[in-house]
Amino acid sequence: MNKVSIITGGARGIGAAIAHKLGTKGYSIVIADIDENAGQYRLNYLKNSGIDAIFIKTDVSSEHDVSNLMDKVYEKYGRIDVLVNNAGIGFSGRSIEEQTLEEWRRIIDTNLTGTWLCSKYAVKYMKNTGGVIINIASTRAFQSEPNTEPYSASKGGIIALTHALAVSLSKYNIRVISISPGWIDTSKWQVPPRTSNLSNLDHKQHLTKRVGLPEDIASLVSFLVSDEASWISGVNFTIDGGMTVKMIYID
Ligand code: NAD
């Protein structure tokens with residue numbers, strides 16, 4: 001019996017690359033995404049790659065959807081080994097004076113409450129076998145440009161939630177880890193895939209001389225869920241090509 005991994009927001013972008021990577025490592029993959037068309041597209045893509053996968057339409061901010069997701073996965077597979085809380089939405093870029101309460105709530109509900117809800121309902125079954133929860137945060141939790149308040153707060157919350165969950169769930173042999181990606185070019189993993197239009201300057205901002213790819217995040221996830229990472233829990237990994245440590249020097 002394969003181990004089972006649920007990837008929220010796995011229909012496109014970083015989540016899609018994680019789903020593909022874990023699928024190639026022998027996991028049965030559950031794509032939980034709010035977008036039905038993109039979910040079906042990704043399901044076909046994974047199946048054509050020889051990966052055992054299902055798609056369950058889910059809004060991670062809905063308690064009903066999330067509870068139904070975990071029940072359905074357990075009903076089908078009898079286990080939940082890995083949960084990747086990846087579903088997330090970005091910010092409008094409006095100033096704090098122009099941001100609305102509705103916008104704040106939508107971002108917090110999806111990014112932070114969604115991570116909490118999925119963890120809560122996955123634990124119901126994951127505690128039978130132990131497992132790993134990976135929460136996708138962002139470097140925006142600790143490095144900002146103007147006007148990112150709801151998004152930055154949601155991602156900072158995810159890092160703090162990760163610490164608390166790691167402590168609470170250690171008794172079930174569940175490890176909990178957050179990952180903070182920097183700038184990731186997701187064009188190849190969109191539905192349909194796009195051509196990247198990033199400039200040389202975009203790439204030069206990084207010590208590694210390129211922006212990140214979803215595959216970079218997927219490789220880290222693949223390691224962190226493996227037994228080789230069995231001593232790792234309650235920590236945040238920044239993966240950003242060295243972007244956040246690079247000082248902008250203007251003379
Ligand atoms: P994306 O927009 O390409 O994909 C996000 C997926 O999440 C989509 O398939 C979307 O349908 C799904 N989704 C949105 N709301 C949902 C909901 N309520 N319920 C279920 N699914 C939902 O985004 P991405 O760039 O791949 O980002 C993935 C994660 O990585 C997000 O949490 C994002 O904040 C984080 N992140 C991205 C970057 C980056 O540069 N791309 C950097 C740091 C962190």
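Reading guide: rules and limits
Residues numbered from 1 in each chain as written. Predicted model: local features only at pLDDT ≥ 70, side-chain atom pairs only at ≥ 80, totals over all residues. Near = placed C-beta within 6 Å. Helix = DSSP H or I, 4+ residues; strand = E, 2+ residues; numbered from the N terminus. Nonpolar A, V, L, I, M, F, W, Y, C, P; charged D, E, K, R; others polar. Expected span 1.5 Å × (residues − 1). Buried ≥ 20, exposed ≤ 12 C-beta atoms within 10 Å, placed from the backbone. Arc of directions from axis to C-beta. Contact = placed C-beta atoms within 7 Å. Axes fitted to C-alpha atoms, helices over the stretch in contact; angles between N-to-C directions. Parallel < 35°, antiparallel > 145°, perpendicular 65-115°, else oblique. Left-handed = near helix turned anticlockwise from the far one by under 90°. Pairing = 2+ DSSP bridges.

## Side note on the site of the ligand
Taken together, the neighbourhood of the ligand is formed by 27 residues, with Gly9, Gly13, Ile14, Ala87 and Gly88 sitting nearest. Elements with a minimum of two residues in the shell around the ligand: helix H1 (13-24) and helix H4 (101-126). By residue number, the principal contributor to the shell around the ligand is H1, which donates three residues. Residues that form the shell around the ligand fall into these classes: eleven nonpolar, twelve polar and four charged.

## A short note on the environment of Ser170
On the secondary structure map, Ser170 appears in the loop between helix H5 (149-169) and strand E6 (174-181). When the C-alpha positions of Ser170 and Gly130 are compared, they lie 9.0 Å apart, and in sequence the two are 40 residues distant.

## Description of H1
Taking 1.5 Å as the rise per residue, H1 with twelve residues should run 16 Å; its terminal C-alpha atoms sit 17 Å apart, in good agreement. When you tally the buried positions in H1, you get eleven out of twelve residues, the bulk of the element. Of the residues trailing H1, Gly26 is marked for its positive phi of about 100°.

## Some points on helix H3 (residues 63-77)
Between its first and last C-alpha, H3 extends 21 Å over 15 residues, near the 21 Å set by a 1.5 Å rise per residue. The set of residues buried in H3 consists of Val66, Leu69, Met70 and Val73. Viewed end-on, H3 has its buried residues packed into an arc of 85°, placing them on one side of the element. Across from the buried face of H3, at angles greater than 90 degrees, the exposed residues are His64 and Glu75. In this structure, the buried side of H3 is in contact with strand E1 (4-8), strand E2 (28-33), strand E3 (53-57) and H4. Two residues or fewer past H3, Gly78 is found with a positive phi of approximately 75°.

## Topic: the packing of H1 against helix H7 (residues 214-224)
Packing of H1 against H7 brings their axes to within 8 Å, and their N-to-C directions diverge by 50°. In this view, H1 runs oblique relative to H7, as classed from their interaxial angle. Considering the relative orientation of H1 and H7, their crossing is right-handed. Residues Gly13, Ile14, Ala16, Ala17, Ile18, Lys21 and Leu22 of H1 lie in contact with H7, whose contacting residues are Pro214, Glu215, Ile217, Ala218, Ser219, Val221 and Ser222. Among the residues forming the contact of H1 with H7, the class breakdown is nine nonpolar, three polar and two charged.

## With respect to the sheet that holds strand E5 (residues 131-136)
Strand pairs in the sheet, formed through backbone hydrogen bonds, run parallel or antiparallel to each other. Pairing is parallel in the open sheet, where seven strands are placed in the order E3-E2-E1-E4-E5-E6-E7. Pairing within the sheet leaves two strands with one partner each, and these edge strands are E3 and strand E7 (236-239). When strand polarity is set aside, the average angle formed by the axes of neighbouring strands in this sheet is 20°. One ladder, built from five bridges, connects E2 with E3; its direction is parallel. The partner of Ala32 across the bridge, within E3, is Ile56. Against the sheet, helix H2 (residues 36-48) contacts E2 and E3, and its axis sits at roughly 175° relative to E3. Where H7 meets the sheet, it contacts strand E4 (82-85), E5, E6 and E7, and its direction lies at approximately 165° from that of E6.

In short, geometric facts, not functional conclusions.
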